[in-house]
4 protein chains.
Amino acid sequence: MSHRVCFYETDAMGIVHHANYIHFFENARVQWLDDHDRPYRWYVEQGIHFATTHIAVHYQSPTAFDDELEITTWLDWARGASLGMAYRIAREGETKVLGTSEHAAVDLEGRIRRIPKQRRDSLREIAARRP
Amino acid sequence: MSHRVCFYETDAMGIVHHANYIHFFENARVQWLDDHDRPYRWYVEQGIHFATTHIAVHYQSPTAFDDELEITTWLDWARGASLGMAYRIAREGETKVLGTSEHAAVDLEGRIRRIPKQRRDSLREIAARRP
Amino acid sequence: MSHRVCFYETDAMGIVHHANYIHFFENARVQWLDDHDRPYRWYVEQGIHFATTHIAVHYQSPTAFDDELEITTWLDWARGASLGMAYRIAREGETKVLGTSEHAAVDLEGRIRRIPKQRRDSLREIAARRP
Amino acid sequence: MSHRVCFYETDAMGIVHHANYIHFFENARVQWLDDHDRPYRWYVEQGIHFATTHIAVHYQSPTAFDDELEITTWLDWARGASLGMAYRIAREGETKVLGTSEHAAVDLEGRIRRIPKQRRDSLREIAARRP
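In this numbering scheme, every chain counts its residues from 1 along its sequence in written order. Chains carry letters from A onward and ligands carry numbers from 1 onward, assigned in written order. Totals for whole chains, interfaces and linings use all residues, but because this is a predicted model, local features are given only for residues with pLDDT of at least 70 and pairs of side-chain atoms are given and counted only at 80 or more.

Draft legend 1. Looking closely at the overall build of chain A. Looking only at helices and strands, one finds three helices and five strands in chain A. From first element to last, N terminus to C terminus, chain A shows the α and β order β-α-α-β-β-β-β-α. In summary, chain A has a C-alpha radius of gyration of 16 Å against a globular reference of 14 Å for 131 residues, a match within 12%. For chain A, the spread of C-alpha atoms along the principal axes amounts to about 45 × 35 × 20 Å. Here chain A, with 131 residues, has 40% of them falling under the buried criterion. A pair of residues counts as a contact when their C-beta atoms, built from backbone coordinates, are separated by no more than 7 Å. Taking as baseline every contact in chain A between residues at least 6 positions apart, the subset at least 24 positions apart corresponds to 64%. Secondary structure elements are defined from DSSP: runs of H or I of at least 4 residues count as helices, runs of E of at least 2 residues count as strands, and each element is numbered from the N terminus. In this treatment the radius of gyration is a C-alpha quantity, and the globule benchmark scales as 2.2 Å times the residue count to the 0.38 power. Counting other C-beta atoms within 10 Å of a residue's own tells you its class, since 20 or more makes it buried, 12 or fewer makes it exposed, and anything in between is partly exposed; those C-beta atoms are placed from the backbone.

Draft legend 2. Looking closely at the interface of chain C and chain D. Contacts between the two partners involve nine residues from chain C, matched on the other side by nine residues from chain D. Residues were grouped as follows: Ala, Val, Leu, Ile, Met, Phe, Trp, Tyr, Cys and Pro as nonpolar; Asp, Glu, Lys and Arg as charged; and all remaining residues, including Gly, as polar. Its residues assigned to classes, the side of chain C that touches chain D shows five nonpolar, three polar and one charged.

Draft legend 3. Expanded view of the relation of the copies chain C and chain D. Only residues with pLDDT of at least 70 in both copies contribute their C-alpha atoms to the least-squares superposition of the copies. Under the fitted operation, chain C is carried onto chain D by 0.0 Å of movement along the axis and a turn of 180°, and the coordinates agree to an RMSD of 0.0 Å. Taken together, the rotation and translation describe the operation of a two-fold axis. Identified as the residue of chain C closest to the rotation axis by C-alpha distance is Asp11 of chain C, at 1.9 Å. Mapped onto chain D, 100% of the interface residues of chain C again fall at the interface, so both copies present the same surface.

Draft legend 4. Representation of the relation of the copies chain D and chain A. Once chain D has been moved 0.0 Å along the axis and rotated by 180°, it coincides with chain A to within an RMSD of 0.0 Å. Mapped onto chain A, 100% of the interface residues of chain D again fall at the interface, so both copies present the same surface.

Draft legend 5. Highlighting helix α1 (residues 20-36) of chain A. Here the expected length of a helix is defined as 1.5 Å per residue gap, with one fewer gap than residues. With 17 residues, α1 of chain A ought to run about 24 Å at 1.5 Å a step, and its terminal C-alpha atoms sit 24 Å apart, in line with that. Within α1 of chain A the residues assigned to the buried category are Asn20, Tyr21, Ile22, Phe24, Phe25, Glu26, Ala28, Arg29, Val30, Trp32 and Leu33 of chain A.

Draft legend 6. Molecular detail of the interface of chain D and chain A. Contacts between chain D and chain A engage 16 residues on the former and 16 residues on the latter. With nine residues, strand β2 (residues 49-59) of chain D is the single largest residue contributor to the side of chain D that touches chain A. Across the side of chain D that touches chain A, the residue classes tally to eight nonpolar, eight polar and no charged. Two strands are counted as paired when DSSP detects at least two bridges linking them. Bridge analysis of strand β2 (residues 49-59) of chain A against β2 of chain D gives five bridges, and the strand direction is antiparallel. What sits directly across from Val57 of chain A, in β2 of chain D, is Ile55 of chain D.

Draft legend 7. Looking closely at the sheet that holds strand β5 (residues 94-106) of chain D. Reading across the sheet, the 10 strands line up as β1(A)-β3(A)-β4(A)-β5(A)-β2(A)-β2(D)-β5(D)-β4(D)-β3(D)-β1(D) and stay open at both edges, with antiparallel pairing between neighbours. The open sheet is flanked by β1 (2-4) of chain A together with β1 (2-4) of chain D, the only strands paired with a single partner. The mean angle between the axes of side-by-side strands here comes to 25°, regardless of whether they run parallel or antiparallel. Taken together, the 10 bridges between strand β4 (residues 82-91) of chain A and strand β5 (residues 94-106) of chain A define a ladder with antiparallel strand orientation. Paired with Met85 of chain A across the strands is Ser101 of chain A, a residue of β5 of chain A. Angles run from 0 to 180 degrees between N-to-C directions of axes, and those axes are lines fitted to C-alpha atoms, restricted for helices to the stretch in contact.

Draft legend 8. Structural detail: the environment of Tyr8 of chain D. The residue Tyr8 of chain D is located in the loop between β1 and α1 (20-36) in this model. Classification of Tyr8 of chain D as buried rests on a count of 20 C-beta atoms within 10 Å. Separated by 12 residues in the primary sequence, Tyr8 of chain D and Asn20 of chain D have C-alpha atoms spaced 9.9 Å apart. Contact partners of Tyr8 of chain D, with chain neighbours within four places excluded, come to His23 and Glu26 of chain B together with Asp11, His17 and Ala19 of chain C.

Draft legend 9. Just the sheet that holds strand β5 (residues 94-106) of chain C, in detail. In space, the 10 strands of this open sheet follow the order β1(B)-β3(B)-β4(B)-β5(B)-β2(B)-β2(C)-β5(C)-β4(C)-β3(C)-β1(C), with antiparallel pairing throughout. With one partner strand each, in any of the chains shown, β1 (2-4) of chain B together with β1 (2-4) of chain C form the two edges of the open sheet. Mean inter-strand twist for the sheet, computed between neighbouring axes without regard to direction, equals 25°. Across the sheet, helix α3 (residues 117-129) of chain C is in contact with β3 (68-78) and β4 (82-91) of chain C; its angle to β3 of chain C comes to roughly 115°.

Draft legend 10. Structural detail: the environment of Ile48 of chain A. All names here are of chain A. Examined against the element boundaries, Ile48 turns out to sit in the loop between α2 (40-45) and β2. By the C-beta count within 10 Å, which is 20 here, Ile48 ends up buried. Leaving out residues up to four positions away in the same chain, Ile48 has contacts with Tyr43, Ala105, Asp107 and Arg113.

Draft legend 11. Examining the pairing of β4 of chain C more closely. Residues and elements named next belong to chain C. The sheet contact formed by β3 and β4 spans eight bridges and is antiparallel. Across the sheet, Glu70 pairs through a bridge with Ala90, a residue of β4. Following β3, the chain reverses through three residues before pairing antiparallel with β4. Linkage of β4 to β5, two consecutive antiparallel strands, is achieved through a turn of two residues, within which Glu92 is found at a positive phi near 50°.

Draft legend 12. Just the pairing of β5 of chain C, in detail. Relative to β5 of chain C, strand β2 (residues 49-59) of chain C runs antiparallel, the two sharing 10 bridges. Bridge assignment links Ala56 of chain C to a residue of β5 of chain C, and that residue is Thr100 of chain C.

Here it is in C-alpha cells:
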C-alpha cells in the first residue's frame, strides 16, 4: 500500500514522528488481511482481536511531509494463537524503515483464543510460502 | 491543570499541532469532573459516555515544545442530557487558545440518555454560579 | 477524497475520537490545494505556512473502524492574508460531521504575510464561484 | 514519572493503543534528561536532536483509561554519537510494558554529530553506574 505523509504526522524536527510508523504498520496489516485472509472486522465479528505483543522498528532514514511512502508487509509466521508480521517502508525504492510485530489472538475480554482452524491453516500455508 | 508540551505534540511548523488542543481540552474536562462532579469513569460505570457534539477553537498564538501551559476549564451550561464547557489555554499568563465544547450524554449504544438527576441538579447549580 | 477509518483513530467508545476529524479536515485541505491551487509544499517552499486560527466542528453522528468516509471540502472565502474552508464528512451519503476552519498565511517565524498576489486572485475567484 | 491514561489514548479494544507507549517513552526520556543531564531543549539550542534509530516494545498486559501508570527509564549505554535507553511501564507495581530505544545525535539537517564531550563523559559515567 502507499501512504502520502500527512502534515499532522510530522514533528518539530520537520520529519515524521517515529511513533507514527507504528500506525503505518497497522494500516498495512489491515490491508494485508483484506487481501490475503479475512478483513479485520471479520475477526472482530467473531469476537477476536489481535492484540499487539511485540513491536520492533529500525529507523534507517527520515521521511517528511508529502513524501509518498510504499509500505510492504508480509506474514512472517503463524501459530495457534499468534502471528508475526514484517514491514518495509520505502520512498522511491529506498528503504526508510524496517519493522516486525507479533500479535496474540484474544477475545473481547483480552483472554488468549485460538485463531479459528480454517484461518490458522490458511495463515500457516501463506507463511510457509514466503520467500 | 498544567501541561508541559510533549515533543510528539509538535509539527513541522515547530509548534503544537492545532488538533492537539482538543486533547488538552479533554484532559481538562476529565480533571474538572474529578474536582467538581464525579470522575468520568464513574459515568462510564453507570453506562454513560459524554459524546462530543460540537467543538470550537480560537487559536490566538502558537505554543511550542516544552512550554508549560495552564489550562483552565469551566462549565458553561447544563441541560437534561447535555452540557457545555469552555476552555482557556495560557502560557505565563498570556492567552494562547480559547475554546468551547458541547457534549451529549449517551448510553453505550450511542442513544441519548438523561444525566442522572442528582448529577444534573448539581451541574446546573455549578453552571449558575459561574461568574 | 475518501478515507477508510484506521483502527488507531478509534477510542474506547468504539468510535472515531472527535479530535481525529481535525486531521481529516487537514488532509482534505492539502488535497484541495493540489487540485485547485498549488500544493501545500509549494507554499512552504515560498516560505509560507497557513496557520490555523479557528476551527469549528459539528458532530452529527459517530463513525467507526473501517468505515469508508467521503470528505468534501470547499473554499468559503479568501482575503489578503487569510482564507476560510468548509468541510462535510459523510458515510454512504449520510452527513456525519460538518466543520469550518480559518487560516492565516504566515512566514516561517509566524508573522502574518500576504498570500502571493496571483494565488490570492485565483483563490478569490474560486471562492466567488462557489454555489 | 507517572502518567494518567487519557481517553484519547485508548482505542476500540477499550485499551491504550500500542503506539501510544512510544509517546510515554519519549516523555520519560525528556524527564530523564531534565533530572540527570541537560533538558532536551538545551540540546536543541546547541543544534542537536536525538533522532530515534531503533525502538523495541514488549507488551505484557494492557492498560486502560484513567489507569495511573508509573514509567521508569534509565540510560542503558552511551557512545560518541548515540545512546540507548530502557523503559518499564507498570501499574500498581505490576509490569505492563517493557521497551528499549536507541538514538543518534544529529544536527538540524539530520547529519550525525558527536555528543558534546562534557555531556558524553557524564552520560557514560551514568551508564556505567546503572545496576
